[in-house]
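A look at the structure
So you can see what is in the structure, the chains are spelled out below.
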Amino acid sequence: MNQKEIVLDVKGLDVQVHSNQGKLQVVQDLSFQIESGKVLGIVGESGCGKSITCLAILQLLDRVQYVTQGSIRLKELELTNRTEAQLQKIRGKEISLILQNPMNAFNPALTIEKQFLETIYAHSKLSRKQAHDQAVKSLDEMNLPNPKELLKQYPFELSGGMLQRVMIALSICMKPMLLLADEPTTALDSVNRHHVVEALQIIKKQEKTAILLVSHDLNVIHELADEVAVMKKGQFVETGSVAQLFSNPKHEYTKLLLDARLTTGTRNE
Amino acid sequence: MKLFVYVWKRLAMMVPVILGTTFVAFLLLRLTPVDPARAYLSVSNIIPTEETINLVRHQLGLDQPFWLQYVHWLWQLCHLNFGISFISKIPVSQELVVRLPVTATLAVLSLIIAILVSIPLGIASALHKNKFIDHCCRLLAFLGASLPQFLLAYLLIYFVSVKFDLFPLQGTETWQHFVLPSITLALGLIATYSRLLRNGLLESLEEPFVLYAKARGLGTVALMGRHVLRHAIRPVVTAAGMNLGKLFAGTVIVEQIFAMPGIGGYFLEAVYHRDYPVIQSFVLIMAIVFVLGNLIADVVQAYLDPRLTQQGTRKQVE
Amino acid sequence: MLMSRLLGKQLVISVLTTLLALITLAGIFAPFLAPHDPNLVDLSHKLNSPSLEFPLGTDQLGRCVLSRLLYGTRVTLSLTLLIVASCVAIALIIGSIAGYVGGLIDNILMRVCDTILSFPSFILAICLISIWGVGWQQMVFVLITIQSVYYTRFIRGLVTNLRQQNYILAAKVCGSSPFLIMIRHIIPNLLSPLVIVVTLEIGWVIMDISALSFIGLGVQSPTPEWGAMINEGKSFLLSHPRLLLAPGIMIFCVVALFNLLGETLGGKKGTTKSIRKSKKEPVEGLGGTQ
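Conventions used here
Residues numbered from 1 in each chain as written. Chains lettered and ligands numbered in written order. Predicted model: local features only at pLDDT ≥ 70, side-chain atom pairs only at ≥ 80, totals over all residues. Heavy atoms only, no water. Helix = DSSP H or I, 4+ residues; strand = E, 2+ residues; numbered from the N terminus. Rg over C-alpha atoms; globule rule 2.2 N^0.38 Å. Buried < 20%, exposed > 50% of the residue type's maximum accessible area, 1.4 Å probe, protein only. Contact = heavy atoms within 4.5 Å. Areas by Shrake-Rupley, 256 points an atom, 1.4 Å probe, with all protein chains shown as cover. Lys, Arg positive; Asp, Glu negative; His and termini not counted. Charge placed at Lys NZ, Arg CZ, Asp CG, Glu CD. Axes fitted to C-alpha atoms, helices over the stretch in contact; angles between N-to-C directions. Parallel < 35°, antiparallel > 145°, perpendicular 65-115°, else oblique. Left-handed = near helix turned anticlockwise from the far one by under 90°. Nonpolar A, V, L, I, M, F, W, Y, C, P; charged D, E, K, R; others polar. Pairing = 2+ DSSP bridges. Buried area = accessible area lost by both parts, 1.4 Å probe. Salt bridge = Lys/Arg side-chain N within 4 Å of Asp/Glu carboxyl O. Polar contact = N/O pair within 3.5 Å; in protein donor to acceptor, adjacent residues only side chain to side chain. pLDDT = per-residue confidence, 0-100. Core = buried A, V, L, I, M, F, W, Y, C linked by side-chain atoms within 4.5 Å. Domains from an automatic or database assignment. Phe/Tyr/Trp six-rings, centres within 6.5 Å; stacked < 30°, edge-to-face > 60°. Lys NZ or Arg CZ within 6 Å of the ring centre and 35° of its normal.

1. A short note on the overall build of chain A
Secondary structure summary: chain A contains 11 helices and 10 strands in total. For a compact globule of 269 residues, the expected C-alpha radius of gyration is about 18 Å, and chain A comes in at 19 Å, within 12% of that figure. Dimensions of chain A, computed from C-alpha atoms along their principal axes, come out at roughly 55 × 50 × 45 Å. Looking at chain A as a whole, 51% of its 269 residues are labelled buried. In chain A, 65% of the contacts between residues at least 6 apart in sequence involve partners at least 24 apart. Entry remark: accessible area of chain A is about 12,700 Å², with carbon and sulfur atoms responsible for 49%. One way to put it: in chain A the 31 positive side-chain charges average out to a point 4 Å from where the 31 negative ones average out.

2. Topic: the packing of helix 4 (residues 112-123) of chain A against helix 5 (residues 128-141) of chain A
Residue and element names in this part refer to chain A. Axis separation between helix 4 and helix 5 bottoms out at 10 Å; the angle between their running directions is 115°. Considering their axes alone, helix 4 and helix 5 lie roughly perpendicular with respect to each other. Of the two elements, helix 4 crosses helix 5, and the hand of that crossing is right-handed. Contacts between helix 4 and helix 5 pair Glu113, Phe116, Leu117, Ile120 and Tyr121 from the former with Arg128, Ala131, His132, Gln134, Ala135, Ser138 and Leu139 from the latter. Looking at the contact of helix 4 with helix 5 residue by residue, the classes come out as 7 nonpolar, 3 polar and 2 charged.

3. Points about the sheet that holds strand 5 (residues 77-78) of chain A
All names here are of chain A. Taken in spatial order, the 4 strands line up as 2-1-4-5 in an open sheet, and their pairing is antiparallel. Since the sheet does not close on itself, it has two edges, and those belong to strand 2 (22-35) and strand 5, each with one partner. Pairing of strand 4 (residues 66-74) with strand 5 involves 2 bridges; the strand directions are antiparallel. Looking across to strand 5, one finds that Leu74 is bridged to Leu77. Against the sheet, helix 1 (residues 50-57) touches strand 1 (6-19), strand 2 and strand 4, its axis set at about 70° to strand 2.

4. Some thoughts on the interface of chain B and chain A
Taken together, the 20 residues of chain B in the interface contact 26 residues of chain A. When the area that chain B buries against chain A is broken down by residue, the three leading residues are Tyr212, Ala215 and Arg216 of chain B, summing to 31%. Taking the shortest distance from any N to any O, the salt bridge between Arg226 of chain B and Glu118 of chain A comes out at 2.3 Å. Between the two partners, chain B and chain A, sit 11 residue pairs in polar contact (both at pLDDT 80 or more). Breaking the side of chain B that touches chain A down by element, the ones donating at least two residues are helix 9 (208-215), helix 10 (220-232) and helix 14 (307-317) of chain B. Of all the elements, helix 9 of chain B adds the most residues to the side of chain B that touches chain A, at 6 residues. Grouping the amino acids of the side of chain B that touches chain A by side-chain chemistry returns 8 nonpolar, 5 polar and 7 charged.

5. Focus on the arrangement of the chains
Here 2 pairs of chains are in contact, and chains B and C lead that list by number of contacts. One thing to see here is that chain A and chain C don't touch, and their nearest C-alpha atoms sit 15 Å from each other.

6. Some thoughts on the confidence of the model for chain C
Residue and element names in this part refer to chain C. Residue-level pLDDT values for chain C average 80, and 90% of them are 70 or greater. No element of chain C has a lower mean pLDDT than helix 12 (residues 272-278), at 38, and none a higher one than helix 4 (residues 65-101), at 89. Contacts for the low-pLDDT stretch residues 268-290, under 50 throughout, to residues beyond four places or in other chains number 74 contacts. Interface predicted TM-score (ipTM) for the complex: 0.85; the corresponding pTM is 0.80.

7. Details of the pattern of salt bridges
Residues and elements named next belong to chain B. Evaluated as defined, the whole model comprises 23 salt bridges over all chains. Between Asp134 and Arg195 there is a salt bridge, and its shortest N-O distance comes to 3.2 Å. With Asp134 in helix 6 (residues 132-146) and Arg195 in helix 8 (residues 179-204), this pair connects stretches of sequence that are 61 residues apart. Just as Asp134 is buried, Arg195 falls in that class too.

8. What to know about the nonpolar core
One finds Ile257 of chain B together with Ile126, Tyr151, Ile186, Leu212 and Ile215 of chain C to be the most contacted residues of the largest nonpolar core, which totals 159 residues. Broken down by element, the residue count for this core peaks at 18 residues, all from helix 9 (residues 178-214) of chain C. Here this core gathers at least three residues from each of two domains, domain 1 (17-78) and domain 2 (101-261) of chain B. Listed in part, the 89 residues of the second largest apolar core include Leu40, Leu99, Met174 and Val196 of chain A.

9. Section: the environment of Ser192 of chain C
Mapping Ser192 of chain C onto the fold places it in helix 9. For Ser192 of chain C, a relative accessible area of 34% corresponds to the partly exposed category.

10. Thoughts on the packing of aromatic side chains
Here the structure, examined in full by the defined rule, presents 21 aromatic pairs over all chains. Here the aromatic rings of Phe32 of chain A and Phe236 of chain A are separated by 5.9 Å at their centres, their planes lie at 45°, and the arrangement is tilted. Of the two residues, Phe32 of chain A sits in strand 2 while Phe236 of chain A sits in strand 10 (residues 235-241), which places them 204 residues apart along the sequence. A single burial state applies to Phe32 of chain A and to Phe236 of chain A, both of which are buried. Measuring from centroid to centroid gives 5.0 Å for Tyr40 of chain B and Phe86 of chain B, while their planes differ by 85°, and the two rings are edge-to-face. Here Tyr40 of chain B is found in helix 2 (residues 36-43), whereas its partner Phe86 of chain B is found in the loop between helix 4 (66-78) and helix 5 (92-127), with 46 residues between them in sequence. Accessibility assignment for this pair places Tyr40 of chain B and Phe86 of chain B in one class, buried. Within the aromatic cluster, the residues linked to one another by ring pairs are Phe23, Phe26, Phe66, Trp67, Tyr70 and Trp73 of chain B. Seen from the ring of Tyr40 of chain B, Lys89 of chain B lies directly overhead, with NZ or CZ sitting 4.7 Å from the centre.

11. Things to note about the interface of chain B and chain C
How big an interface is tends to be stated in terms of the accessible area lost upon association of its parts. Each side of the interface is counted separately: chain B has 51 residues, and chain C has 48 residues. Its largest share of buried area at the contact with chain C, chain B owes to Phe150, Tyr154 and Lys246 of chain B, together 17% of the area lost on that side. If you look at where chain B meets chain C, you find 0 salt bridges. Between chain B and chain C we count 2 residue pairs in polar contact (both at pLDDT 80 or more) in total. Among the elements of the structure, helix 1 (2-30), helix 6, helix 7 (149-163), helix 8, helix 11 (234-257), helix 12 (263-273) and helix 13 (276-304) of chain B are those that each provide at least two residues to the side of chain B that touches chain C. Here the side of chain B that touches chain C takes 12 residues from helix 11 of chain B, the largest share from any one element. Residue classes in the side of chain B that touches chain C are distributed as 37 nonpolar, 11 polar and 3 charged.

Right, here's the structure in full:
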């Protein structure tokens, strides 16, 4: 409708890795926008630079090893030249991240509650009681059973699917503008995948959060995304709306991906 | 709560270990090439004849069957009776009451110094990987591995005490007396711990949960303290637990040099004269300290990583 | 490590080996090199400062410090050689049998080894010496006992690893006897990691010998041994520090050279890490760092 709704605006993002073997271009000239309440799906094979893109948006890439160029704007705020202290205020509050493997994304030594509370304390001045209620509330919103008991548990006492939903709850408890979901369903079985997709759908509809969904699972992309970008070797080879891209792929690589999905789909059935 | 149960279980597990150690300590002394009765006589300046030997054997209970001797000894140990020294004819426990605190203070003090110094050092060298401070720590670690403790002690005495007259030389009267010996013992530990911590930190920084904690916008203090350091310090805890026993043994050397009346000197004297009750007690104390050190380390580990207690309770369920 | 990066590993290794060879030669030819009899007591020359006749001066009994140092090199290095060689021999036999045969024997043996290794070696050494008595023979015996446990564990690990390699399987299929496989295929492959471990361990053995001798549980005076020399000289720390410094510097240099050589070799072969891991702690040993 109008420009105010654009939450994330990335222009000309370039990422180079500097290693002993020399330089390697991992992300090349990416430009995309996400509006609030919309989901941009990025698909592509492993190692094509999807995860790097997420970390680049959060400015979490090691500055010695990675050289980043281009502009990343969160609403009106340019992220590329923020100080570490300013970024800390944005990470977790305005932009949240969901990682691929929930089993090792949580600190095994701390209860779920402690990890919720430290996140809430980092971004607000809530009391312990209020923070606790906030945590319970966001777990509840994700339809997780018995949130109060859940908070007392350690990450290793929960299943992977549970943890993934806990991670989603944790990432939305500060009501971020933007959610980066990096392969949120890859490590899960189909039942849990369904739960996670549902959870993301709730966020999309109710919170009006902009979501960047990175996945190589085309089914998930199909269910959630509004726009899709196909990534290969650090570049977008094709972008378009879900309907258009799935029904009428233009690029060879997109066709290849879709074919692969069809064959695995039929095999599953 | 789980931690509490875990501690109790570990304490219960200690009992057979200690019991086994007492048996080994007892058995080894029966395997010595020299008859304790003869050793007793020679220390007491009595000419060993058939008659006197038999008399002493009877006095020491050596004429009884092996198992009976062991049970008797164990029973005495339960009453904190460690036997009577061959040399001084004073009960070993009386000496230990005076000497053990000195050694324990020394060992614990060095451990505390080592940990307090190596944490900032390890953090600094991890943050400035392959920079000046990191190379300094590496050099320190190398020195620690190549410089014998007794040499270090004399170097410290010579340069710190004699040249600059900073700390008193020998004895245990004031806290200053403990400074140099503790530093001697601590220096090697600092080298080890700071390297362990550095490598642990560098590994932890790669952990996904640290990345996730960063992504949640945690402040530097919370991030480093609660997530990185807590994870990275675990090898140091294990090493420190194992080192407690080593430190007690290391005091044998350091106590000699700084003329401190701890159990080390007492033990050495006993070794020269084959004063078996003292040797036996020392071996036993070493074993207990060693087991205790490991126990403390395990409990701290369990606190740092609750997965360990979890395993314990799961086993119980099965 | 930094040094080898700057100068090149090959050069560092050759320099270190040359230095160690020189020290060894000095020990072997001590009778020709030493200006005096190391045990010749001459009270008229006691505590002399360094001079042409006594390059490093004399000790409290008028004995030539340089001669004692040279003979001390002999004592230390020959004891070290004796200990390390015995350990390697014992470990090669027991370790490779345990590793190759596996099964129950291996299990029991390794449990025993683990139990012994879980105790700090210094405690074990002084406890064993306290039981078996004081003297250099006992010290050598005790050190062999303790060290060979560690070597056995190490070799057993290597052999277990090698046993599963395909070329061993191939040799078995070809009908080679276990003995032949051992001699032809396993032992040659043990050598290079073994050399590194031995180099690193020699430093510790030297420290052990000097530390035990220093507290009077090892080599006894008047035999010239570095640790015992420091013990004798300790009362003269304030007036004649050279009596302590001379043997002290020798110990430090020899141990440091062996450690450096071991680290450099290990870095070259890329096996230091696995070796370190097989030990309970990165820095383990008797006299040095507790």
